Amino acid sequence: MGAFGAGYTLGVVASSPRPPQSADRPAGGKPERLGAPPERLGPVELGRHVKDDGRALILYDHIRDEQADVSARR
Amino acid sequence: VSELRFDELRGEQVVYAIHRQDRTFLPARDHCPLCPTRPGGPRTEIPFPVYEIAVFDNRFPAFEAPRGAAEVVVYSDDHDASFATLPAERAEDLMWVWRHRYAELGAREDVEYVFIFENRGVEVGVTLHHPHGQIYGYPFVPPVPALELAAGERLGGCAPCALLRRELEDGERVVYENEAVVAFVPYAARWAYEAHVSLREHRPSLLDCDAGELRLLSRALQAVVRGYDAMFERPFPYVMAVHQAPTATEHDETTSTGAHLHVEFYPPLRTAEKLKYLAGSEQGAGTFISDTLPEESAVALREAIARGG
């Protein structure tokens, strides 16, 4: 059983050198990070996770750097 | 695991998802499963103390692989937020999230129709108050989208395009416009304050929209829901339904011409205190009896949108 109990500890299937902002925040249970590049969709970046019970969880964060703002408005 | 049964009399599928009988029902605020998991607090569906938008497989799915999908889309970690109160940036981000889920679920062999929706308010059966929507990946094309495609064939092209042209020519029921999107109470609205929000250009799905259109779609949707909340100065219950092209490959040709991204709102309130119920005529005969005229509702909704800001 993980930090969040059965079904709630995360296994990470994709992450990035710059993880989603949600994952950056101090928490009682940060997921581990792997080296896969982040997925970017317009103004958002997503991080994929899998719960202990196998269900998928995706966190989407707004990209706040200047380059992303430009790409989002193409 | 859900079971599909085909109702021969009505020619439609019925889904039996009996495990949903045990789903979380209006939990106390401090046991909300969609709130962030805070150190020392109860565990939730989202094991982070802060998040922006989260999507996860529904714990009580109506559909699941290999016969469809059911996901929950949480708009904010703020339990008291709503789609109306999201910052504009977050609402715009949500359009990209919807777009992503449409693309990813729609690419699956077992998903023929990606349906994004929100039920807001106990009046429409909400079981969790935390701001969220849902996505069903149907393993078949459901009747309402199928009817819209059939309407397109009847009208010789895209039905939403044709109906939008009529609404713009008439103008009486238009309640909001921007450069890319129009909101109106439809000519044959079923619900007192029903509203449709449609792209001006023919766009079968969110994937066909550019960044500017997604931004303006989010603006239009927020304008409508803020208008709803301003209507009776209370949180306004509604069902929000995003209609797009089916993702089943056999519909490719039809959907390129006949499907048109638009969002339909079905609010059950007909006055501040009275609900519209689906009763004898609606359920037994399939014919809506409305107590209000769309033209009069449009005036009220237009004014409420102006007040809602």
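The notes below deal with the structure included here. Predicted, not measured: the structure shown is a model, and the values here were computed from it.

Comments concerning the overall build of chain B
- Broken down by element type, chain B carries 7 helices and 11 strands.
- Its C-alpha atoms give chain B principal-axis dimensions of roughly 60 × 45 × 45 Å.
- Nonlocal contacts in chain B, meaning residues at least 24 apart in sequence, comprise 64% of its contacts between residues at least 6 apart.
- Counting every atom, chain B has about 13,800 Å² of accessible surface; 51% of that belongs to carbon and sulfur.
- Each charge class in chain B can be summarised by its mean position, and for the 30 positive and 48 negative side chains these summaries are 4 Å apart.

Let's talk about unusual backbone geometry
- Cis geometry is found at the peptide bond from alanine 65 of chain B to proline 66 of chain B, where omega equals 10°.
- Phi is positive for glutamate 233 of chain B, close to 55°, though the residue is something other than glycine.

Quick word on empty space enclosed by the protein
Residue and element names in this part refer to chain B.
- Across all of its chains, the model carries 3 cavities of 30 Å³ or more by this definition.
- Roughly 70 Å³ of internal volume is contained in the largest cavity.
- For the lining of the largest cavity, the element with the highest residue contribution is helix α2 (residues 143-154), accounting for 3 residues.
- Of the residues belonging to the lining of the largest cavity, the class tally is 6 nonpolar, 5 polar and 1 charged.

Examining the packing of helix α1 (residues 88-106) of chain B against helix α4 (residues 211-231) of chain B
All names here are of chain B.
- With their axes 9 Å apart at the nearest point, α1 and α4 run at an angle of 120° to one another. Here α4 runs oblique to α1, going by the angle between their axes. Judged by the sense of rotation from one axis to the other, the crossing of α1 with α4 is right-handed. From α1, Ala88, Ala91, Glu92, Met95, Trp96, Trp98 and Arg99 reach across to α4, where they touch Ala211, Leu214, Arg215, Leu217, Ser218, Arg219, Leu221 and Gln222.
- The residue makeup of the contact of α1 with α4, split by class, is 9 nonpolar, 2 polar and 4 charged.

Side note on the pattern of salt bridges
- Under the criterion given, the structure shown has 24 salt bridges over all chains.
- The partner of lysine 51 of chain A in a salt bridge is glutamate 45 of chain B, and the shortest N-O contact between them spans 2.5 Å. Pair noted here: lysine 51 of chain A is in strand β3 (residues 44-51) and glutamate 45 of chain B is in the loop between β2 (12-16) and β3 (53-57), and the two residues belong to different chains.
- You can call lysine 51 of chain A buried: its relative accessible area is 3%.
- For glutamate 45 of chain B, a relative accessible area of 6% puts it in the buried group.
- In this structure, glutamate 213 of chain B engages arginine 203 of chain B in a salt bridge whose closest nitrogen and oxygen atoms are separated by 3.0 Å. With a gap of 10 residues between them, glutamate 213 of chain B in helix α4 and arginine 203 of chain B in the loop between β9 (195-199) and α4 connect regions that are remote in the sequence.
- By relative accessible area, which is 8% here, glutamate 213 of chain B ends up buried.
- Taken together, the shared-partner salt bridges connect Glu39 and Arg48 of chain A together with Glu71, Arg101 and Glu104 of chain B into one network.

Basis of the calculations
Residues numbered from 1 in each chain as written. Chains lettered and ligands numbered in written order. Predicted model: local features only at pLDDT ≥ 70, side-chain atom pairs only at ≥ 80, totals over all residues. Heavy atoms only, no water. Helix = DSSP H or I, 4+ residues; strand = E, 2+ residues; numbered from the N terminus. Contact = heavy atoms within 4.5 Å. Areas by Shrake-Rupley, 256 points an atom, 1.4 Å probe, with all protein chains shown as cover. Lys, Arg positive; Asp, Glu negative; His and termini not counted. Charge placed at Lys NZ, Arg CZ, Asp CG, Glu CD. 1 Å grid on protein atoms, 1.4 Å probe; cavity = no way out; pocket = protein on both sides within 12 Å on 5 of 7 lines; lining within 4 Å. Points joined across faces, edges and corners; volume = space filled by probe spheres on them. Nonpolar A, V, L, I, M, F, W, Y, C, P; charged D, E, K, R; others polar. Axes fitted to C-alpha atoms, helices over the stretch in contact; angles between N-to-C directions. Parallel < 35°, antiparallel > 145°, perpendicular 65-115°, else oblique. Left-handed = near helix turned anticlockwise from the far one by under 90°. Salt bridge = Lys/Arg side-chain N within 4 Å of Asp/Glu carboxyl O. Buried < 20%, exposed > 50% of the residue type's maximum accessible area, 1.4 Å probe, protein only.

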